[in-house]
Amino acid sequence: MTKSPRTLLCALGTVLYFGSNVAAAPLDIDLDICLPFGIEVGLFIDLFDPPQVTEVVPFFATSTTAIPSAGTYTVPAGISATTVIAQQATELCVTSVTTKTTTYPCSTSTSFPTTWWDPCKSSSTSGTCQWTPPATSTPTTVTTTVTTTLTESATPCPATTTSTSTSTSTPTPTLSCDPYGYLVQYASLYRVDLSTGTTTEIASGLGQNTSINAMGYNTLDNYLYAYQSSTKTILRISADGTTVTVDTDAPPAGSYVGDIDTNGHYWVGVGAASSWAKIDLAPGSPTYGKTLAHGTATSPGYDVADWVYIPNAGEYLYAVGSIASKSETALLRFSMSTHKWETVANYGKLGVVGVGAAYGMNNGTLYASENGNGQIWQFPISGGTPFMVSQGPPSGNNDGARCVLNLLSH
Ligand SMILES: *[C@@H]1O[C@H](CO)[C@@H](O)[C@H](O)[C@H]1NC(C)=O
Ligand SMILES: *[C@@H]1O[C@H](CO)[C@@H](O)[C@H](O)[C@H]1NC(C)=O
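The present account deals with the structure reproduced in this document. (Residues numbered from 1 in each chain as written. Chains lettered and ligands numbered in written order. Predicted model: local features only at pLDDT ≥ 70, side-chain atom pairs only at ≥ 80, totals over all residues.)

Quick notes on the overall build of the protein chain
Within the protein chain, the secondary structure is distributed over 0 helices and 32 strands. Each of the 410 residues in the protein chain was classed as buried or not, and the buried ones make up 35%. For the protein chain, the share of sequence-separated contacts (at least 6 apart) that also reach a separation of at least 24 residues comes to 58%. (Helix = DSSP H or I, 4+ residues; strand = E, 2+ residues; numbered from the N terminus. Buried ≥ 20, exposed ≤ 12 C-beta atoms within 10 Å, placed from the backbone. Contact = placed C-beta atoms within 7 Å.)

Here's what the structure looks like:
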């Protein structure tokens with residue numbers, strides 16, 4: 001650990017609470033830390049002062065614009081402009097998105113990467129800033145209320161819009177669409193290097209410290225989401241393993257297969273031959289948290305314990321299925337439009353039965369972790385020959401997720 005001068009340049013990108021965005025502002029740009037050569041690897045910097053957290057609350061504002069006579073007009077609409085053809089003099093109602101920004105000191109423990117210019121070496125250096133509040137401090141609660149009121153007009157406009165965001169300041173760091181697989185086992189979260197099998201624990205005792213499953217990676221906000229059966233709720237999981245319970249419809253009871261497509265829709269279900277649901281987790285969506293579709297799937301004849309969405313392979317959820325009694329393995333896919341299973345390839349006795357964690361890669365690859373022996377296998381989803389890539393940890397009561405858009409394996 002290295003103590004720093006009081007002035008530091010640190011930047012934090014994170015998202016807090018429903019639609020409001022939170023980010024830490026630079027503390028001071030007059031940074032002048034000079035490090036001797038050789039100590040910059042894994043550098044931690046303890047902050048003396050809390051980083052500033054900036055919260056941005058979006059809200060809708062409406063206004064009326066008079067159109068004096070028939071004709072074609074360009075009017076502002078949201079963040080762009082639109083063309084309006086008027087048949088006669090009229091009034092238009094224009095809705096735009098505006099934001100209100102609040103800044104306050106962070107009151108909870110946090111850490112985030114930072115890079116600064118080292119004057120000694122004439123090069124930039126990276127490290128991790130960390131802030132731990134004094135034991136006596138209490139969490140800051142910040143309430144941001146934004147109200148817009150409309151002026152009287154002949155044109156009916158939507159009523160006054162109010163957007164309120166109340167938050168206890170817990171900046172939860174997002175992931176960064178890195179190449180790793182993320183594995184949840186019971187209530188512990190691990191990072192897995194798929195090409196070497198190296199597995200690192202990030203946090204344990206997630207949520208209520210009861211079994212967590214059906215984990216997916218949301219590429220729209222860079223959080224992991226998973227289902228905790230004991231509370232029948234969806235947890236949002238940050239890069240450091242902190243969790244927030246999301247206010248949504250409940251997934252099917254006992255769900256253990258899950259992934260999130262690139263529209264932010266969480267596909268969650270109870271294996272291959274049972275209930276499934278599609279729940280909206282797209283930030284800012286008018287139907288956020290609602291079940292958009294659900295049903296009961298007909299068995300493909302194989303057991304399935306995780307599925308992955310691979311955008312460039314069509315609207316399917318891919319899974320490695322197995323029949324344990326016959327030691328048979330197959331590659332399957334569940335159509336997101338017809339909601340039926342199809343068999344892509346049957347491999348016979350491959351030695352892979354019981355894949356509890358699957359990770360997708362958008363070049364058409366599914367990485368599968370075999371529960372019993374911990375081997376990680378690569379399945380080309382075109383149906384080509386699968387092969388073992390690395391030795392990971394044996395695992396049970398587990399699920400895997402990955403940022404499918406990252407095409408590197410480590
Ligand atoms: C979670 O539960 C396990 C056993 O069920 C226990 O060993 C562990 O200490 C708990 N972790 C936390 C953080 O409470
Ligand atoms: C996808 O990328 C991985 C990692 O680089 C590679 O091992 C794999 O062969 C690629 N898959 C396809 C189908 O190109």
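Some thoughts on the site of ligand 1
Lining the immediate environment of ligand 1, one finds Ala 187, Ser 204, Gly 205 and Asn 209. For the shell around ligand 1, the class distribution of residues is 1 nonpolar, 3 polar and no charged. (Near = placed C-beta within 6 Å. Nonpolar A, V, L, I, M, F, W, Y, C, P; charged D, E, K, R; others polar.)

Digging into unusual backbone geometry
Note on backbone geometry: most residues besides glycine have negative phi, and most peptide bonds are trans. The phi dihedral of Ala 214 is positive, around 55°, even though this residue is not glycine. Mapped onto the secondary structure, Ala 214 falls in strand E16 (residues 212–218). A positive phi angle, near 60°, is found at His 339, a position not held by glycine. Within the secondary structure, His 339 sits in the loop between strand E26 (328–335) and strand E27 (341–348).

Some points on the sheet that holds strand E18 (residues 233–237)
In sheet architecture, strand pairing relies on hydrogen bonds along the backbone and comes in two forms, parallel and antiparallel. With antiparallel pairing, the 4 strands of this open sheet are ordered in space as E16-E17-E18-E19. Every other strand in the sheet has two partners, leaving E16 and strand E19 (243–246) as the edge strands with one partner each. Between one strand and the next, the sheet's axes are offset by a mean angle of 30°, whatever the strand orientation. Across 5 bridges, the pairing between strand E17 (residues 223–228) and E18 is antiparallel. Paired with Leu 224 across the bridge in E18 is Ile 237. (Pairing = 2+ DSSP bridges. Axes fitted to C-alpha atoms, helices over the stretch in contact; angles between N-to-C directions.)

Here's the deal with the pairing of strand E31 (residues 387–391)
Along any regular strand the residues' side chains alternate between the sheet's two faces. The pairing of strand E30 (residues 375–380) with E31 spans 4 bridges and is antiparallel. Each bridged residue has a counterpart across the sheet, and for Gln 375 the counterpart in E31 is Gln 391. Linking E30 back to E31 in an antiparallel pair, the connection comprises 6 residues, with Gly 383 at a positive phi of about 105°.

Quick word on the environment of Gly 71
Topologically, Gly 71 is positioned in strand E6 (residues 71–77). Separated by 18 residues in the primary sequence, Gly 71 and Ala 89 place their C-alpha atoms 8.8 Å from one another.

A short note on the site of ligand 2
Looking at ligand 2, the residues that line it are Met 361, Asn 363, Gly 364, Thr 365, Pro 380, Leu 407 and Ser 409. Tallied by class, residues from the shell around ligand 2 come to 3 nonpolar, 4 polar and no charged.

A short note on the nonpolar core
With 71 residues, the main nonpolar core has Leu 224, Tyr 225, Ala 226, Val 308, Tyr 318 and Ala 358 as its most contacted residues. If near-sequence neighbours (up to four positions away) are discounted, Ala 358 is found in contact with Asp 306, Trp 307, Val 308, Ala 319, Val 320, Leu 366, Tyr 367, Ala 368 and Gly 400. Counting 5 residues, the second-largest nonpolar core is a separate cluster that includes Val 53, Cys 106, Cys 129 and Trp 131. (Core = buried A, V, L, I, M, F, W, Y, C linked by C-beta atoms within 7 Å.)

Section: the sheet that holds strand E21 (residues 265–269)
Judged by pairing direction, the sheet is antiparallel, and its 4 strands sit side by side in the order E20-E21-E22-E23 without closing on themselves. Of all the strands in the sheet, just strand E20 (257–260) and strand E23 (291–296) have a single pairing partner and so form its edges. Each neighbouring strand pair of the sheet contributes to a mean axis angle of 10°, computed without reference to strand direction. Here 5 bridges tie E21 to strand E22 (residues 275–280), and the two strands are oriented antiparallel to one another. Looking at the pairing, Trp 267 lines up with Lys 278 of E22.

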